[in-house]
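# Understanding the architecture of this molecule
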Amino acid sequence: MSSTLSPIDFESSRQWAESIVSRLTLDEKILLIGGKDAFFTHPVERLGLTSVFFSDASQGVHLLEEFKGIRYEKRLERSTQFPCMAMLAATWNRQLAMAYSGAIGEECRAAGIPVLLGPGMNIYRHAQCGRNFEYLGEDPFLAAEMVRSYVKGLQSKGVIATLKHFLANNTDYFRRRSDSLVDERAVREIYTPAFRAGIEAGARAVMTSYNLFAGEWCGQSREVIHGLLRSELGFQWLVMTDWWSVYDGVKVIQSGQDLEMPAHDATADARRLVEEGLVSEKDLDRMVLSQLATFHSMGSYDFRKDPECLEKFEDHGAVALQAAREGVVLLKNRDALLPLSSTLSRVLLTGSGLDAPVVGGGSAKVEGWGHVSLRDAMLKVWGDALCVVEHPDEAGLREADAVVFNVVTEDSEGWDRPFDLSPEVESAVRRAVRLNPRTVVLINSGSGINTSGWTGDAGAILFTWYHGQNGATAVAEILSGAVCPSGKLPVSIDKRFEDSPGSGYLPEGESLYSGWQDELEKTQPIHPLRYEEGIFVGYRWYEHKGIDVQFPFGHGLSFTEFEYSDLRLERGKEAHEVKLRVSVRNCGTCAGAEVVQVYVADPESELERPKKELKGFQKVMLHPGERKSVDIVLDRSAFAYWHPERRDWYVEPGIFRVLVGSSSVDIRLEGTITLD
Ligand code: BGC
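Residues numbered from 1 in each chain as written. Predicted model: local features only at pLDDT ≥ 70, side-chain atom pairs only at ≥ 80, totals over all residues. Heavy atoms only, no water.

## Some words on the overall build of the protein chain
Broken down by element type, the protein chain carries 18 helices and 28 strands. Over its C-alpha atoms the protein chain spans a radius of gyration of 25 Å, differing by no more than 12% from the 26 Å that the globule rule assigns to 676 residues. For the protein chain, the spread of C-alpha atoms along the principal axes amounts to about 80 × 60 × 55 Å. Counting every position in the protein chain, which comprises 676 residues, the buried fraction comes to 63%. Taking as baseline every contact in the protein chain between residues at least 6 positions apart, the subset at least 24 positions apart corresponds to 78%. Accessible surface computed for the protein chain: about 24500 Å², of which carbon and sulfur atoms make up 48%. Here the protein chain contributes 73 positively and 97 negatively charged side chains, and the mean placements of these two sets differ by 3 Å. (Helix = DSSP H or I, 4+ residues; strand = E, 2+ residues; numbered from the N terminus. Rg over C-alpha atoms; globule rule 2.2 N^0.38 Å. Buried < 20%, exposed > 50% of the residue type's maximum accessible area, 1.4 Å probe, protein only. Contact = heavy atoms within 4.5 Å. Areas by Shrake-Rupley, 256 points an atom, 1.4 Å probe, with all protein chains shown as cover. Lys, Arg positive; Asp, Glu negative; His and termini not counted. Charge placed at Lys NZ, Arg CZ, Asp CG, Glu CD.)

## Topic: the domain arrangement of the protein chain
Considered domain by domain, the protein chain is made up of domain 1 (10-306), domain 2 (320-480) and domain 3 (562-675). Here domain 1 and domain 2 have C-alpha centroids that lie 35 Å from each other. Each partner contributes to the interface: domain 1 provides 34 residues, whereas domain 2 provides 38 residues. When the two sides are added together, the surface that domain 1 and domain 2 hide from each other amounts to roughly 2900 Å², 57% of it contributed by carbon and sulfur. The three residues of domain 1 that bury the most area against domain 2 are Gln81, Met87 and Phe133, which together make up 25% of that side's buried surface. For the pair domain 1 and domain 2, the interface holds two salt bridges. Linking domain 1 with domain 2 are 22 residue pairs in polar contact (both at pLDDT 80 or more), by the criterion used here. Mapped onto the side of domain 1 that touches domain 2, the elements with two or more residues apiece are α3 (85-91) and α4 (94-111). (Domains from an automatic or database assignment. Buried area = accessible area lost by both parts, 1.4 Å probe. Salt bridge = Lys/Arg side-chain N within 4 Å of Asp/Glu carboxyl O. Polar contact = N/O pair within 3.5 Å; in protein donor to acceptor, adjacent residues only side chain to side chain.)

## A word on the pattern of salt bridges
The tally for this structure, following the rule as stated, stands at 52 salt bridges. Among the ionic pairs, Glu521 bridges to Arg176, the shortest N-O distance being 2.8 Å. Residue Glu521 is located in helix α17 (residues 518-522), and its partner Arg176 is located in the loop between β7 (160-166) and β8 (178-181); the two are separated by 345 residues in the primary sequence. An identical accessibility class is assigned to Glu521 and Arg176; each is buried. Its salt-bridge partner being Arg647, residue Glu184 comes within 3.4 Å of it at the nearest N-O pair. Of this pair, Glu184 sits in helix α6 (residues 184-191) while Arg647 sits in the loop between β25 (641-643) and β26 (648-650), and the two are 463 residues apart along the sequence.

## Here's the deal with the site of the ligand
Around the ligand lies a shell of 13 residues, among which Asp56, Arg131, His165, Asp242 and Glu413 are the nearest. Asp56 places a side-chain nitrogen or oxygen 2.4 Å from an oxygen atom of the ligand. One of the side-chain nitrogen or oxygen atoms of Glu413 is found 2.6 Å away from an oxygen atom of the ligand. In a pocket analysis with a 2 Å cut-off to the grid points, the ligand is assigned to the largest pocket. Taken together, the residues of the shell around the ligand sort by class into five nonpolar, two polar and six charged. (Near = heavy atom within 4 Å. 1 Å grid on protein atoms, 1.4 Å probe; cavity = no way out; pocket = protein on both sides within 12 Å on 5 of 7 lines; lining within 4 Å. Sits in = over half its atoms within 2 Å of the grid points. Nonpolar A, V, L, I, M, F, W, Y, C, P; charged D, E, K, R; others polar.)

## A short note on the layout of surface pockets
By volume, the largest pocket amounts to about 730 Å³. Lining the largest pocket we find 35 residues, and of these Arg176, Tyr210, Trp243, Trp244 and Trp516 sit closest to its centre. Per-class residue counts for the lining of the largest pocket are 13 nonpolar, five polar and 17 charged. Of the residues that make up the lining of the largest pocket, three or more belong to each of domain 1 (10-306) and domain 2 (320-480). Considering only enclosed or pocket space, the second largest pocket measures out at about 580 Å³ in volume. Taken together, 27 residues line the second largest pocket, and the ones lying closest to its centre are Phe141, Pro193, Lys615, Asp635 and Ser637. Among the elements that line the lining of the second largest pocket, the one with the most residues is helix α5 (residues 140-155), at five residues. Among the residues forming the lining of the second largest pocket, the class breakdown is 12 nonpolar, three polar and 12 charged. Inspection of the lining of the second largest pocket shows a minimum of three residues originating in each of domain 1 (10-306) and domain 3 (562-675). (Points joined across faces, edges and corners; volume = space filled by probe spheres on them.)

## Section: the pairing of strand β28 (residues 667-675)
The sheet contact formed by strand β27 (residues 654-661) and β28 spans eight bridges and is antiparallel. Considered in β28, the bridge of Arg657 is made with Thr672. Counted between consecutive antiparallel strands, the loop separating β27 from β28 contains five residues. (Pairing = 2+ DSSP bridges.)

## So, the sheet that holds strand β13 (residues 329-333)
With mixed pairing, six strands are arranged side by side in an open sheet as β13-β18-β17-β16-β14-β15. Looking along the sheet, the strands with just one partner apiece sit at the ends: β13 and β15 (386-388). Taking the axes of each pair of neighbouring strands and ignoring which way they run, one obtains an average angle of 20° across the sheet. Where strand β16 (residues 402-408) meets strand β17 (residues 439-444), six bridges bridge the pair, whose relative direction is parallel. For Val407, the partnering residue across the bridge sits in β17 and is Ile443. (Axes fitted to C-alpha atoms, helices over the stretch in contact; angles between N-to-C directions.)

## Some remarks on the sheet that holds strand β12 (residues 238-240)
Spatially, β3-β6-β7-β9-β12 is the arrangement adopted by the five strands of the open sheet, whose pairing is parallel. A strand with exactly one partner marks an edge of an open sheet, and here the two such strands are β3 (54-55) and β12. Pairing between strand β6 (residues 115-116) and β7: two bridges, direction parallel. What sits directly across from Leu116, in β7, is Ala161.

## Observations regarding the packing of α4 against helix α12 (residues 313-327)
Packing of α4 against α12 brings their axes to within 10 Å, and their N-to-C directions diverge by 150°. Relative to α12, α4 is oriented roughly antiparallel. In this structure, α4 crosses over α12, and the sense of that crossing is left-handed. On the side of α4, the interface is formed by Leu96, Ala99, Tyr100, Ala103, Glu106, Glu107 and Ala110, while α12 contributes Phe313, His316, Val319, Gln322, Ala323 and Glu326. (Parallel < 35°, antiparallel > 145°, perpendicular 65-115°, else oblique. Left-handed = near helix turned anticlockwise from the far one by under 90°.)

## Observations concerning helix α16 (residues 471-480)
Across the 10 residues of α16, eight count as buried, placing the element largely inside the fold. Looking only at α16, the buried set comprises Gly471, Ala472, Ala474, Val475, Ala476, Glu477, Ile478 and Leu479. For α16, the elements touching its buried residues are α12, α13 (374-382), β16, β17 and β18 (460-463). The positive-phi residue at the C-terminal boundary of α16 is Gly481, with phi of around 90°.

## With respect to the pairing of β27
Here strand β22 (residues 592-601) pairs with β27 via five bridges, running antiparallel. Bridge assignment links Val598 to a residue of β27, and that residue is Val660.

Structure representation (structure tokens):
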């Protein structure tokens, strides 16, 4: 079976896998439950099982040349560096998410990569998590919708999507030593909806996480894998561990886990475990069966390089550019400072990352090709009027027609990074905004930073994320008005880190470190990480506690204005289904896109619920003066919450408020609906 664009169904794949498993020896089965050369599975040539290659992931293809002394075949000359996943979430554009992952899928085909180790989808619980850039923000509904599109786009190219990291892996601070203690409602309402969506979209693989969950490492937890992932969320395909994240062979084999990566470690003496009756050969059969069925269903055993896909790199660059255009978020724009005229006589560009790509680090890192620097992108617009100064003096700052200050944070897998900028950068930004009110600050980062010391004085602020190889072009287009910004924050940005629901996550007396600290990690005690906020994560928390944030979830300004009218709500055919229609008009002077956001509130409820929750959205493009009707269907899940006593999703009869607006705090219209 060659790599296939029409996957084989579960039952047929299982039948095929059963026929192979019945012919495998015990030694072959043992071989198959652990990885080989860090990113491969073991082959069983006599039965036609080739070695399957896995590649990192999420924001493009991470080209691997060397890893821990192993050298890898160069599968591709180059791969496209897309904007980071958090920026993709900021587009709120499902079609674009599908184009983004479809392009990545084509690069996997070009390289002969049958399995991508992404998408990442852990929820943003606080701004310091070093991997937030790899994930899709703080809201489970938004993340779920983007994951659904991502999985469909990627797998439509015949490439396996790996949903990661299951479960409650929301910090990279000594990630193997933190024990996430999360109540069952938060698990269902906050931490698993994105996984559920990926599973519903047909994702063929899930990767467990480094952390412990309720006292057991996720990769060997029966509660997590067999209980939650398989029995409750209904996942039927391949489960793999994260790299070096399990410790007890018996537990791994009996947990519902299928594959230990990158090698046999905990499962190294599986033969002895079988001989001593601590696990049974049937347990191994289950693991192998799952792996075989998965690879068979997607044609992974015979996945060949597809040279036609090598011709598509220009298109992929265009997708990367479009995702950046739609993902830049205009946070502030005092007196319409932006767009800056292209005829200004002196634009001063300063800060860091003016030439090098701005990108998150770790396994998700992608080098890209034909990278456009911010300096070059701005030179194209302002030519000789652009003046790049590393350490501008007072007069230089004061006299510029506009100052663009580029701020870059160093986010990476392997550690968490501070919410505050370094004292030097902080004071340089404050100085610039104080000296020149026409200062635009660009934030290149994977999550929120502390802007409270300079937001008031800044003329404009753009959240530009890690915007990928062509993203600087998008930034220059937005600065100059060639593109109208339409990104919306997929996170809330706090005024102070202490305001965040996850802020108390460091063990008492400990502080952040940077750089990979694997050896030090081994010496650390396991620290309990109590998710005391429960379901109140992100805006749910700030609204519940009445805490003012610097920039709210869903916020993002435009160069034009949108007017909302004629909200209509009616019951649908299905139980608890509501159909919503609203009219949106572009009443400004330039073309632009608006993200219509729909929040649901349950004013009276047996159990406490968030003040409101995102349950629908639609991005619409409108020319000046144009009006469009937006239709959104809210299904049962828009009204249900997890009821711990019923151990099920529950829609409590009564009145629900439906709030429609341009951000979580900019609600334009409201209606009610009664459900029974
Ligand atoms: C990361 C995974 C990644 C794996 C393989 C781990 O360190 O947590 O996300 O896929 O390495 O590179």
